Amino acid sequence: MRRPFSSSLMLHLALVLCALVVIAPIVWTVGAGFRTQISLLMGHMTFTPIWNNFNEVLWSKTSDFLLNYRNSIIVGVLSTLLCVVVATLAAFSLNRLKWPGWVVHIFLAWTMIFHMIPPVALASAWFTMARAVGLENTFSGLILAHATLNLPIAIWLMAVFIREVPKELEEAAVMDGASTPRVLWHVVLPLITPGLAATSILTFISSWNEFAVALTMTMKQTATVPVAIAKFAQDYEIQYTQMAASAALAMLPALVVLLIAQRYIVRGLTQGAVK
């Protein structure tokens, strides 16, 4: 039965409205990066685009934005790799090894509770622990912190993907003499590639955007992009246009990753929704 034209039109109008609500702040931020401070504060509707803000952010002698960009890439990639590996092993263990049901439920409940704790509530404690073992102001400390923050949601996602793999395939591999690591590597992982991609992308974006822990555990040499953007709000002046330019540049990695792996995200997030 075809949907009535009026209902279809209303649905598309609602979707367009939702898209505008999401896109409008992004367009405004990017546009602000091409304006002068006076034009932005005066609220002029029309303006002549300039590149000074981007030049100042990227090439100024007092700017460390490229260093911050490199730091975010290092932390994001390595924390994502660590988080996804641990989450995959944990999810496989919970779903395929013979754990009592109450252990699985308590573990998943605890991950959910931990995920609901604001990162800022953990930042000071993690800084104290990192300083005690010599990991303050290091990539290692921040990588471990970001991997820990993203581990609960990664475990839940990977548990769903692994649960959808038919057990008969694994049992057949075991009957052929495959060990548990070989079953995981040669049977399970190829089937959950979309899930791995979706989890990795969501974890990377979460690490890239994280601010509270990065602010607490880093200094100038290891600061990430969100920390660098916050530094444009100074004691006597807020450099809105340079902040907007740096925010526009900060969107690029996540945007590129999403465009490249869009089909994997859709397949991964919808896997198991329809039999």
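Here the structure is a predicted model, which is why all the values come from computation and not from measurement. (Residues numbered from 1 in each chain as written. Predicted model: local features only at pLDDT ≥ 70, side-chain atom pairs only at ≥ 80, totals over all residues. Heavy atoms only, no water.)

**A closer look at the packing of aromatic side chains**
Okay, step 1: Under the defined criterion, the tally for this structure stands at 7 aromatic pairs.
Okay, step 2: With centroids separated by 5.3 Å and ring planes inclined at 80 degrees, the aromatic side chains of Tyr69 and Trp208 adopt a geometry described as edge-to-face. In this pair, Tyr69 sits in helix 4 (residues 65–96) while Trp208 sits in helix 10 (residues 193–209), placing the two residues 139 residues apart along the sequence.
Okay, step 3: Both rings, one in Trp110 and one in Phe114, keep their centres 6.1 Å apart while their planes meet at 50 degrees; by these two values the pair is tilted. Taken together, the residues span about one helical turn, with Trp110 and Phe114 both in helix 5 (residues 101–116) at a distance of 4 residues. (Phe/Tyr/Trp six-rings, centres within 6.5 Å; stacked < 30°, edge-to-face > 60°. Helix = DSSP H or I, 4+ residues; strand = E, 2+ residues; numbered from the N terminus.)

**A few points about the environment of Asn55**
Okay, step 1: Here Asn55 lies in helix 3 (residues 52–59).
Okay, step 2: Separated by 187 residues in the primary sequence, Asn55 and Gln242 have C-alpha atoms spaced 9.4 Å apart.

**Re the nonpolar core**
Burial of nonpolar side chains together is a common tendency in soluble globular proteins.
Okay, step 1: Core analysis: the biggest nonpolar cluster contains 26 residues, and Ile155, Met158, Ile162, Val188, Ile192 and Leu196 have the highest contact counts within it.
Okay, step 2: For this core, the secondary structure elements donating two or more residues are helix 4, helix 5, helix 7 (139–163) and helix 9 (180–191).
Okay, step 3: In terms of residue count, helix 7 provides more of this core than any other element does, 8 residues in total.
Okay, step 4: Val188 has contacts with Phe92, Ile162, Val165, Glu170 and Val183, leaving out every residue within four places of it along the chain. (Core = buried A, V, L, I, M, F, W, Y, C linked by side-chain atoms within 4.5 Å. Buried < 20%, exposed > 50% of the residue type's maximum accessible area, 1.4 Å probe, protein only. Contact = heavy atoms within 4.5 Å.)

**Description of the side chain of Ser72**
Okay, step 1: Tracing the backbone shows Ser72 in helix 4.
Okay, step 2: Setting aside its immediate chain neighbours within four residues, Ser72 contacts Trp208, Thr224, Val225 and Pro226.

**Quick notes on helix 10**
Okay, step 1: In a regular helix each residue adds 1.5 Å, so 17 residues correspond to 24 Å; helix 10 covers 24 Å between its end C-alpha atoms and thus fits that length.
Okay, step 2: Burial runs high along helix 10: 12 of the 17 residues are buried.
Okay, step 3: Where helix 10 is concerned, the buried positions are Pro194, Gly195, Leu196, Ala197, Ala198, Thr199, Ile201, Thr203, Phe204, Ile205, Ser207 and Trp208. (Expected span 1.5 Å × (residues − 1).)

**Side note on the packing of helix 3 against helix 13 (residues 240–260)**
When two helices pack together, their arrangement is captured by the angle between the axes and the distance separating the axes.
Okay, step 1: Where helix 3 contacts helix 13, the two axes come as close as 9 Å, and the packing angle between them is 70 degrees. One finds that helix 3 runs roughly perpendicular with respect to helix 13. For the pair helix 3 and helix 13, the contacting residues are Asn53, Phe54, Glu56, Val57 and Leu58 in the first and Thr241, Gln242, Ala245, Ser246, Ala248 and Leu249 in the second.
Okay, step 2: Grouping the amino acids of the contact of helix 3 with helix 13 by side-chain chemistry returns 6 nonpolar, 4 polar and 1 charged. (Axes fitted to C-alpha atoms, helices over the stretch in contact; angles between N-to-C directions. Parallel < 35°, antiparallel > 145°, perpendicular 65-115°, else oblique. Nonpolar A, V, L, I, M, F, W, Y, C, P; charged D, E, K, R; others polar.)

**Focus: the packing of helix 4 against helix 9**
Okay, step 1: It is the contact of helix 4 with helix 9, at a shortest axis distance of 12 Å, that shows an interaxial angle of 105 degrees. Considering the angle they form, helix 4 stands roughly perpendicular to helix 9. Along the contact surface, helix 4 presents Thr88, Leu89 and Phe92, while helix 9 presents Thr180, Leu184, Val188 and Leu189.
Okay, step 2: Split into classes, the residues belonging to the contact of helix 4 with helix 9 amount to 5 nonpolar, 2 polar and no charged.

Taken by themselves, the reported measurements are silent on function.
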